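Chain residues, written in single-letter form:
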Amino acid sequence: MRITNKMITNNASGNINGNKVLVDKTNTQMTTQKKIARPSENPVIAIRSLRLQTTLNKVNQYYEKNIPDAESWMDVTETALTNIKSLITNMRTLCVNGSTGTLTEDDRNTILTQLKALQSQVYAEGNADYAGRTVFTGYRTNKTLTFTEDDTKTSYNITEPSNADKIYKKRFYTNEVEVPATADEMRNCTDNIKSTMDVGESDYYVVRLAYDSIDEVQSFSYTMNGKTYTMKPDETDPTKTDTYSYTKKKSDGTDETVNETYTYQNFAKGKDGDGNEESPASISSLMVFENEAEWASWSKNNGNANKNVPDDGAVLIKSTGELILGSAVADTYLSNDATFEVNYDKTGFKNGELRPEYYFNCTQYTDETGAATNKEVDANGKTIGIKFERFDENGEPIKYDIQYTVSQNQELTVNMEANESFNHDIYQDMGDMIDIVDRAIRAHNKVDQIKGMMKANEYQSESDQALLNEWLKAAQKEADYADDNMQKRYSELLGNVDSYLEDINLSITKIGCRGDQLAITKTRMNNQQETVEELQSTNDDMDLSDIIIKYTAAYTAYQSSLTAAGKLGQQTLLNYI
């Protein structure tokens, strides 16, 4: 085959160009330290690189974002639970101190001050938030757990469930000693010491609602032996009003007729879903009074000096939110392990009280401004409101878990809801403790006040001393009752407080276990991140020393091809003549 100069020149040009391409390629590799610059250079490396990068992006999302967010959320939750545990532990200490029966005036005042501080703080920890999202409120992370200020306009209808385990015995007192302000008042009111001011005690089994100062009771339902009965206001006689009248002496010694008017809601006997009355009835009557004073007036009008509940009946006090059971009713409910439900309306909440939607099925009718939450009305023209469901139709709590995806196909619940962490009874128990110690303080102050009067010059006559001694006996009786009640109730509350601590400790343990699980996942994600990065580097990257060697070889070949081509250009036909 004949080789022409043209062919040699073309081949030389092609070789130079090929070497230039190789120099350019190795120069790009040296600059980027990557094996390929475009997918067409090596489709296998390109496809593997895309897959590894996708995997690495996912791992980075889990390891660098989701897991740290989950850790922070659970850290905030655990801190809040630990603080609540500390507060309840302090509450327990006060229960122990209050149950000793050897308290001084300073001791009682100290307990009262500490209790008020604890009550205002205990649920405030439940408003803890992470990045502006409240951690104990389920999906409603933009809302606080409690009312953060006194609210007089927000209105709810609340369905509150309870059971026989919530029944406890409480002591009720009738009359309080009224210390005379003047000598004349003291001398002319002695007849009242044994009548209107003689302190009486009675005890009943009680179920306490989550709130006091409720508006109206709509229904009361109880379930025993698999059957549910519902009591509603008697359609024929829903409200009864009466007056209890008695005579007392005024400060001038004259008689005065006192009329105490009381009103109560009268509920009909319980009926099942078919409208049949329970037979035999476990509760034949339910009376709803505005306050204890009206209940006391009804009791006295029915021949009872102390507050009284019919054996087969029940009394509900709206101001205190207490359902007080007659002895036969309490025995029936306790022996049959009954469950029951009270449906009631409530408008206005105190600062620090829990919002009902986090603990009960309820309907919110108005907001804090008094405006309707929903303009729609039902067939009866009643505002529908916004409904919140806390329990399903079987009475089981509905979960509102917030889950973070912390690895491929693995989700972790990061939140603890308020109703599974701390009981709504804590606030009311603290309220009871405050009322009890406050009553003891007031009773002892009366004793001290009367003792001070007995030392005053104007009361040194034998008759005045005898009268004041009667006042002192009455006041001391009230103080003894108060001390006894404080000691007994604080001892009883120790069991409640211990159960609250158990719930808190269980929640702290749960969140700790989730933290341990997250820590294991975090370690695995860290290892996986390093592994994927190493695989990606092996697939995509080149060693700099190898690139330099290849680049030097390519550049040398390129220079050699230029030199060889230059020599070819020096040959002409004259060299062959």
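First things first, this report covers the structure right here in the doc. (Residues numbered from 1 in each chain as written. Predicted model: local features only at pLDDT ≥ 70, side-chain atom pairs only at ≥ 80, totals over all residues. Heavy atoms only, no water.)

When its secondary structure is counted, the protein shows 10 helices and 17 strands. Expected size for 577 residues packed as a compact globule is a radius of gyration near 25 Å; at 41 Å, the protein overshoots this value by more than 25%. When its C-alpha atoms are laid out on the principal axes, the protein stretches across 165 × 65 × 45 Å. Put simply, the protein has 577 residues, and 43% of those count as buried. As presented, the protein carries roughly 29,600 Å² of accessible surface, and 47% of it is formed by carbon and sulfur atoms. Taken together, the 60 basic and 90 acidic charged side chains of the protein have centroids lying 10 Å from each other. (Helix = DSSP H or I, 4+ residues; strand = E, 2+ residues; numbered from the N terminus. Rg over C-alpha atoms; globule rule 2.2 N^0.38 Å. Buried < 20%, exposed > 50% of the residue type's maximum accessible area, 1.4 Å probe, protein only. Areas by Shrake-Rupley, 256 points an atom, 1.4 Å probe, with all protein chains shown as cover. Lys, Arg positive; Asp, Glu negative; His and termini not counted. Charge placed at Lys NZ, Arg CZ, Asp CG, Glu CD.)

Pairing within the open sheet is antiparallel, and its 6 strands lie in the order β7-β6-β13-β3-β14-β15. The sheet is open, and its two borders are formed by β7 (227-231) and β15 (386-388), each paired with just one other strand. If you compare each strand with its neighbour and ignore which way they point, the axes differ by 20° on average. Sheet analysis places strand β14 (residues 361-366) next to β15, joined by 3 bridges and oriented antiparallel. If you follow T363 over to β15, its bridge partner there is K387. (Pairing = 2+ DSSP bridges. Axes fitted to C-alpha atoms, helices over the stretch in contact; angles between N-to-C directions.)

Once that is clear, we can look at the packing of aromatic side chains. Taken as a whole and assessed by the stated rule, the structure comprises 21 aromatic pairs. Between Y139 and Y400, the ring centres sit 5.3 Å apart and the planes meet at 75°, which makes this aromatic pair edge-to-face. Linking Y139 in the loop between β2 (133-134) and β3 (151-163) with Y400 in the loop between β15 and β16 (403-407), this pair joins segments that are 261 residues apart in sequence. Through pairs of rings, three or more aromatic residues link up here, namely F147, Y156, Y211, F349, Y359 and F360. When the ring centre of F349 is taken as origin, the NZ or CZ atom of K346, which lies over that ring, is 5.0 Å away. The ring of F147 has R355 lying over it, and the distance from NZ or CZ to the ring centre is 4.3 Å. (Phe/Tyr/Trp six-rings, centres within 6.5 Å; stacked < 30°, edge-to-face > 60°. Lys NZ or Arg CZ within 6 Å of the ring centre and 35° of its normal.)

Moving on, we come to the nonpolar core. Ranked by size, the top nonpolar core spans 112 residues in total, and within it F220, Y222, L286, L325, Y333, F422 and I426 carry the most contacts. Looking at which element gives the most residues to this core, the answer is helix α9 (residues 462-540), with 20 residues. Ignoring anything within four residues of it in the chain, the contact list for L286 reads F220, M231, Q265, N266, F267, A314, V315, L316 and L323. Counting 17 residues, the second largest nonpolar core, distinct from the first, contains F172, Y244, F289 and W298. (Core = buried A, V, L, I, M, F, W, Y, C linked by side-chain atoms within 4.5 Å. Contact = heavy atoms within 4.5 Å.)

Now for helix α8 (residues 425-455). End to end, α8 covers 45 Å across 31 residues, agreeing with the expected 45 Å (1.5 Å per residue, within 8%). Burial analysis of α8 places 22 of its 31 residues in the buried class, which makes it a mostly covered element. (Expected span 1.5 Å × (residues − 1).)

What follows is about the packing of α8 against α9. At a minimum axis distance of 8 Å, the contact between α8 and α9 shows a crossing angle of 160°. Here α8 lies roughly antiparallel to α9, going by the angle between them. Crossing of α8 against α9: the hand is left-handed. Tallied by class, the residues present in the contact of α8 with α9 amount to 20 nonpolar, 6 polar and 9 charged. (Parallel < 35°, antiparallel > 145°, perpendicular 65-115°, else oblique. Left-handed = near helix turned anticlockwise from the far one by under 90°. Nonpolar A, V, L, I, M, F, W, Y, C, P; charged D, E, K, R; others polar.)

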